[in-house]
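# Reading the structure
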Amino acid sequence: MRPLPLSDQDHQMLLKHGKELSDHERRITDLNNKMTDTLKSVDESNKYLREQNNRILEAVIRGDEKSENHKNEMEVINRQNLWKVVTIAIGSSSVIYLILQQLMHFIH
């Protein structure tokens, strides 16, 4: 079977549709390229944000470790100070007792 011959109007219409299809394909290609570029940009941004989050997390962990060390050091200092106060209190009460004993001895 042989194809039917096309009239000029049909031929023009086919050319017009072919041009429209080419335009649509070009637009689709442009949109695809833009989407690809946008996704690359989003991936780069996400990578940057992940790196920032990792740095922040590491800083928080280091801060927690330093805080824990500082807390332990403060507990040691508090215990040392408590023993110093107890020792000074015992020593000063002994001195006061001796002074009072000497005063009582002079008065009698």
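Residues numbered from 1 in each chain as written. Predicted model: local features only at pLDDT ≥ 70, side-chain atom pairs only at ≥ 80, totals over all residues. Heavy atoms only, no water.

Here the focus is the overall build of the protein chain. In terms of regular secondary structure, the protein chain is built from 1 helix and 0 strands. Scaling as 2.2 N^0.38, a compact globule of 108 residues should have a C-alpha radius of gyration of about 13 Å, whereas the protein chain reaches 46 Å, well beyond that. The burial tally for the protein chain puts 0% of its 108 residues in the buried class. For the protein chain, the exposed area adds up to about 10600 Å²; of that, 62% sits on carbon and sulfur atoms. (Helix = DSSP H or I, 4+ residues; strand = E, 2+ residues; numbered from the N terminus. Rg over C-alpha atoms; globule rule 2.2 N^0.38 Å. Buried < 20%, exposed > 50% of the residue type's maximum accessible area, 1.4 Å probe, protein only. Areas by Shrake-Rupley, 256 points an atom, 1.4 Å probe, with all protein chains shown as cover.)

A word on a nonpolar patch on the surface. On the surface, a nonpolar cluster with roughly 700 Å² of combined accessible area is contributed by V95, I96, I99, L100, L103, M104 and I107. Checked against the element boundaries, I96 lands in helix α1 (residues 8-107). (Patch = residues over 30% accessible without salt bridge, like charges linked within 9 Å, V, L, I, M, F, W, Y side chains within 5 Å. Salt bridge = Lys/Arg side-chain N within 4 Å of Asp/Glu carboxyl O.)

On the surface, D64, E65, E68 and E75 cluster together to form a negatively charged patch. One can find E65 in helix α1. Residue class for E65 comes out partly exposed when judged on its relative accessible area of 48%. (Lys, Arg positive; Asp, Glu negative; His and termini not counted. Charge placed at Lys NZ, Arg CZ, Asp CG, Glu CD.)

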